[in-house]
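Structural overview
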Amino acid sequence: GEGTDSFDKCIGPVVEVCTEKDMGGDCGRYYDDNLQINYDILSLQVVRGEFEVYTAPNHGGDYSLVTETDGPLNVEEIFNSYDSDETKVLSFKPILNDVFCSFEKGENFRGSFRTSASNGKPCLNWSDTPLSDIALPNTYCQNPDGSADEPFCYTSETET
């Protein structure tokens with residue numbers, strides 16, 4: 001898992017992770033799910049938003065919610081494991097919401113906006129749109145195929 005080079009485009013949550021305590025060693029910034037990190041994370045800081053961090057791969061093991069107001073943290077502080085050198089963060093995921101709702105083009109947008117930014121009309125259910133086969137069946141803005149620059153919705157069967 002290398003850190004992303006597209007951090008500048010990120011409008012969603014961002015976490016910085018490091019291989020040594022006190023934000024030392026090799027550090028990288030991430031803005032998406034990481035199911036299995038191939039190095040030990042011993043300290044981290046949420047730069048923007050909120051992340052759930054896990055002690056096992058694939059969002060398993062113990063987990064904790066970490067936010068940007070927590071500042072830099074050693075993993076042993078997060079999990080109260082001062083008596084163990086074994087505790088490491090091995091996977092994490094961002095919390096997507098109405099404030100930190102998307103990154104890049106918003107393919108994983110999970111906010112609850114229900115009106116079109118272009119005309120203010122209410123969104124149609126995605127099951128009634130040309131993208132019904134890949135979109136979640138709800139009335140929220142999405143970018144299911146990544147073709148648009150940001151999440152959107154249909155307000156009629158042809159109009160977004």
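Here we summarise the structure given alongside this text.

A closer look at the packing of aromatic side chains
Enumeration over the complete set of coordinates arrives at 4 aromatic pairs. Ring centres of Y30 and F92 lie 5.4 Å apart, and the angle between their planes is 65 degrees; on these two criteria the pair is classed as edge-to-face. On the criterion of sequence distance, the pair formed by Y30 in strand β2 (residues 24-30) and F92 in strand β7 (residues 91-94) is long-range, its members being 62 residues apart. Comparing Y30 with F92 shows no difference in burial state: the two are buried. One aromatic cluster is present, built from ring pairs that chain together Y30, F51 and F92.

Things to note about the sheet that holds strand β6 (residues 73-74)
Here we have 4 strands laid out as an open sheet, ordered β2-β1-β3-β6, and antiparallel in their pairing. Each edge of the open sheet carries a strand with a single partner, namely β2 and β6. As paired strands, strand β3 (residues 43-48) and β6 are joined by 2 bridges and run antiparallel to one another. Its bridge partner being in β6, L44 is matched across the sheet by L73.

Cut-off values and rules
- Residues numbered from 1 in each chain as written.
- Predicted model: local features only at pLDDT ≥ 70, side-chain atom pairs only at ≥ 80, totals over all residues.
- Heavy atoms only, no water.
- Phe/Tyr/Trp six-rings, centres within 6.5 Å; stacked < 30°, edge-to-face > 60°.
- Helix = DSSP H or I, 4+ residues; strand = E, 2+ residues; numbered from the N terminus.
- Buried < 20%, exposed > 50% of the residue type's maximum accessible area, 1.4 Å probe, protein only.
- Pairing = 2+ DSSP bridges.

This is a description of form; function is not addressed.
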